[in-house]
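Here are the chains, one letter per residue:
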Amino acid sequence: FSRPYTSTRMVTRGLASFKYGRVQFRANIAKCKATGTWSALWMLPETWQYGGWPDSGEIDVMEAVGFETDLFHGSVHTRAWHGGNSKSGSMSAPDQDWHVFEVDWQETTIRFAVDGLVYYEFDRESTTDKTQWPFDQEFHLIMNIAVGGAWGGLRGIDD
């Protein structure tokens, strides 16, 4: 089928990856709020050291769906916590403005913030259980805007 819109992304896989540190994205998603859109700034493993998704982890620096006005989400996905059971937090902020979305990823914790305000913290509970903490490997960055998908398209897609 053909529609007058598409999804797109930029990925640093094979170009830039890192383990631990602070990641900041300055973004304005005011034009990405139609029903069916799903904006995301996120991170995936460079080498998938513990297997495919969700075994090797995922860090969502920011996700926003078009049908939720002014609400941003940050989360982690692991074998122990994924899908509807992921570990996440949310923060409300005007979606018309520019914001700095951030994770401060350390050896024992990942903190999520918008404009410097920490709204969620995910702490490592085990030093050996990789189903809970696969975040000891290099990750790369992904920026995308999707149309549809399991969450973005949950309430349909505007034409």
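My aim in this report is to walk through the structure given alongside it, one point at a time. (Residues numbered from 1 in each chain as written. Predicted model: local features only at pLDDT ≥ 70, side-chain atom pairs only at ≥ 80, totals over all residues. Heavy atoms only, no water.)

On a regular strand, one side chain projects to one face of the sheet and the next to the other, so that they alternate. Taking burial as the measure, the 7 residues of strand 8 (residues 99-105) include 6 buried ones, the bulk of the element. Inspection of the sheet shows strand 3 (residues 21-27) paired to strand 8 by 7 bridges, in the antiparallel sense. Bridging from a neighbouring strand, F25 pairs with F101 of strand 8. Strand direction decides the pairing type here: strand 8 and strand 9 (residues 109-114), joined by 5 bridges, are antiparallel. Each bridged residue has a counterpart across the sheet, and for V103 the counterpart in strand 9 is F112. (Buried < 20%, exposed > 50% of the residue type's maximum accessible area, 1.4 Å probe, protein only. Helix = DSSP H or I, 4+ residues; strand = E, 2+ residues; numbered from the N terminus. Pairing = 2+ DSSP bridges.)

What the 4 strands build is an open sheet, ordered 3-8-9-10; its pairing is antiparallel. A strand with exactly one partner marks an edge of an open sheet, and here the two such strands are strand 3 and strand 10 (117-123). Between one strand and the next, the sheet's axes are offset by a mean angle of 15°, whatever the strand orientation. (Axes fitted to C-alpha atoms, helices over the stretch in contact; angles between N-to-C directions.)

Relative to the elements of secondary structure, Y50 occurs in the loop between strand 4 (37-45) and strand 5 (58-65). Residue Y50 is classed as partly exposed on the basis of its relative accessible area of 25%. Sequence separation between Y50 and M62 is 12 residues, and the spatial gap between their C-alpha atoms is 24 Å. Y50 has contacts with D55, S56, K130, P134, D136 and Q137, leaving out every residue within four places of it along the chain. Only 3.2 Å separates the side chain of Y50 from the side chain of Q49, close enough to count as a polar contact. Only 2.8 Å separates the side chain of Y50 from the side chain of D136, close enough to count as a polar contact. (Contact = heavy atoms within 4.5 Å. Polar contact = N/O pair within 3.5 Å; in protein donor to acceptor, adjacent residues only side chain to side chain.)

M43, I59, I110 and F135 are the most contacted members of the largest nonpolar core, which has 28 residues in total. Looking at this core, the elements with two or more residues in it are strand 3, strand 4, strand 5, strand 6 (71-77), strand 8, strand 9, strand 10 and strand 11 (139-147). If you tally residues by element for this core, the top one is strand 5, at 4 residues. Contact partners of I110, with chain neighbours within four places excluded, come to I59, V76, V103, D104, W105, Y120, E121, F122, W133 and F135. (Core = buried A, V, L, I, M, F, W, Y, C linked by side-chain atoms within 4.5 Å.)

On to the pattern of salt bridges. For the structure shown, the criterion picks out 6 salt bridges. Each of R22, E102, D104, R111 and E121 takes part in one network of salt bridges that share partners. (Salt bridge = Lys/Arg side-chain N within 4 Å of Asp/Glu carboxyl O.)

A word on the environment of A27. By secondary structure assignment, the location of A27 is in strand 3. Separated by 14 residues in the primary sequence, A27 and L41 have C-alpha atoms spaced 9.4 Å apart. If we skip the residues at most four places from it in the chain, A27 touches L41, D97, W98, H99 and F101.

So, on to the side chain of Q132. With respect to the secondary-structure elements, Q132 resides in the loop between strand 10 and strand 11. For Q132, a relative accessible area of 18% puts it in the buried group. With residues up to four places along the chain from it excluded, the contact list for Q132 reads T78, A80, W81, F122, E125 and S126.

By themselves these figures say nothing about function.
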